[in-house]
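# Residue-level structure breakdown
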Amino acid sequence: MDRQLLIVEDDEAFARTLKRSFERRGYAVLLADSLESVTELLAKERPGYAVVDLKLGPQSGLACVQALHAHDPAMLIVVLTGFASIATAVEAIKLGATHYLAKPSNTDDIEAAFARSAGNPQAPLGPRPTSIKTLEWEHIHEVLKECDFNISEAARRLGMHRRTLARKLAKRQVG
């Protein structure tokens, strides 16, 4: 199996940390920070694995997922995000991601996700209680996404002060 991994992450420090960790596990690691750099790398390389951040500056990592899957449908792609929501998880999977992990996730979590590329037909179907805080966070994230992550506009649409929204975002890891 090809042990070449592409990490698509715009946070340079986090990308370097992930790179070193995967190299210690025997992967040859390539780094990209945008759809453009992914496209350039795919012209020369054929990674078997990819880790893609959902939010790449002003860009969406979903476009990278789509490009990676189009390049090689067998590639195992894990999306990492601080903006976890059901809507983006569904879109990531529809576009070709194998797994979707909320940050903070470490190398063990990502490697385990690569190993669990097949679905689990025995997954529990019972109701999962959702807290008010989780529902609020998902709603805030959807509005932020609609506003291209413009906090002032999102706060206006949510009917709250910009500083209140900024405090709520600071309580959850975002990125």
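See the structure shown above.
Residues numbered from 1 in each chain as written. Predicted model: local features only at pLDDT ≥ 70, side-chain atom pairs only at ≥ 80, totals over all residues. Heavy atoms only, no water.

## Section: helix H5 (residues 107-115)
Spelled out, the test is: Throughout, exposure labels follow a simple rule: accessible area from a 1.4 Å probe, protein chains only, divided by the maximum for the residue type, with under 20% read as buried, over 50% as exposed, and the rest as partly exposed. Secondary structure elements are taken from DSSP: a helix is a run of H or I of four residues or more, a strand is a run of E of two residues or more, and numbering for both begins at the N terminus. By arc we mean the arc of the directions from the helix axis to the C-beta atoms, nothing more. Two residues form a contact once any of their heavy atoms are found within 4.5 Å. Any pair of N or O atoms that falls within 3.5 Å is considered a polar contact. Within protein, one atom must be able to donate a hydrogen and the other to accept it, and sequence-neighbouring residues count only if both atoms are side-chain atoms.
Those residues of H5 that fall on the buried side of the exposure criterion are Thr107, Ile110, Ala113 and Phe114. The arc that holds every buried residue of H5, seen down its axis, measures 125°, which confines them to one face. Against the buried residues of H5 lie strand E1 (4-8), helix H1 (12-24), strand E3 (49-53), strand E6 (76-81) and strand E7 (99-102). At the N-terminal boundary of H5, the capping side chain belongs to Asn106, with an oxygen 3.0 Å from the backbone nitrogen of Asp108.

## Focus: the packing of helix H2 (residues 35-44) against helix H3 (residues 61-71)
The axes of two packed helices give the description: the angle between them and the distance between them. Here is the rule we go by: Interaxial angles span 0 to 180 degrees and are taken between N-to-C directions of axes, which are lines fitted to C-alpha atoms, for helices over the stretch in contact. An angle below 35 degrees is treated as roughly parallel, one above 145 as roughly antiparallel, one from 65 to 115 as roughly perpendicular, and anything else as oblique. Crossings are classed by handedness, with left-handed meaning an anticlockwise turn of the near helix from the far one by less than a right angle and right-handed meaning a clockwise turn. Note on residue categories: nonpolar means Ala, Val, Leu, Ile, Met, Phe, Trp, Tyr, Cys or Pro, charged means Asp, Glu, Lys or Arg, and polar means any other residue, Gly included.
Across the interface, H2 lies against H3 with an axial gap of 9 Å and an inter-helix angle of 15°. The angle between H2 and H3 falls in the class roughly parallel. Note that H2 runs across H3; the crossing there is right-handed. Taking contact as the criterion, the partners of Leu35, Val38 and Leu42 in H2 are, on H3, Ala63, Cys64, Ala67, Leu68 and His71. Looking at the contact of H2 with H3, its residues break down into seven nonpolar, one polar and no charged.

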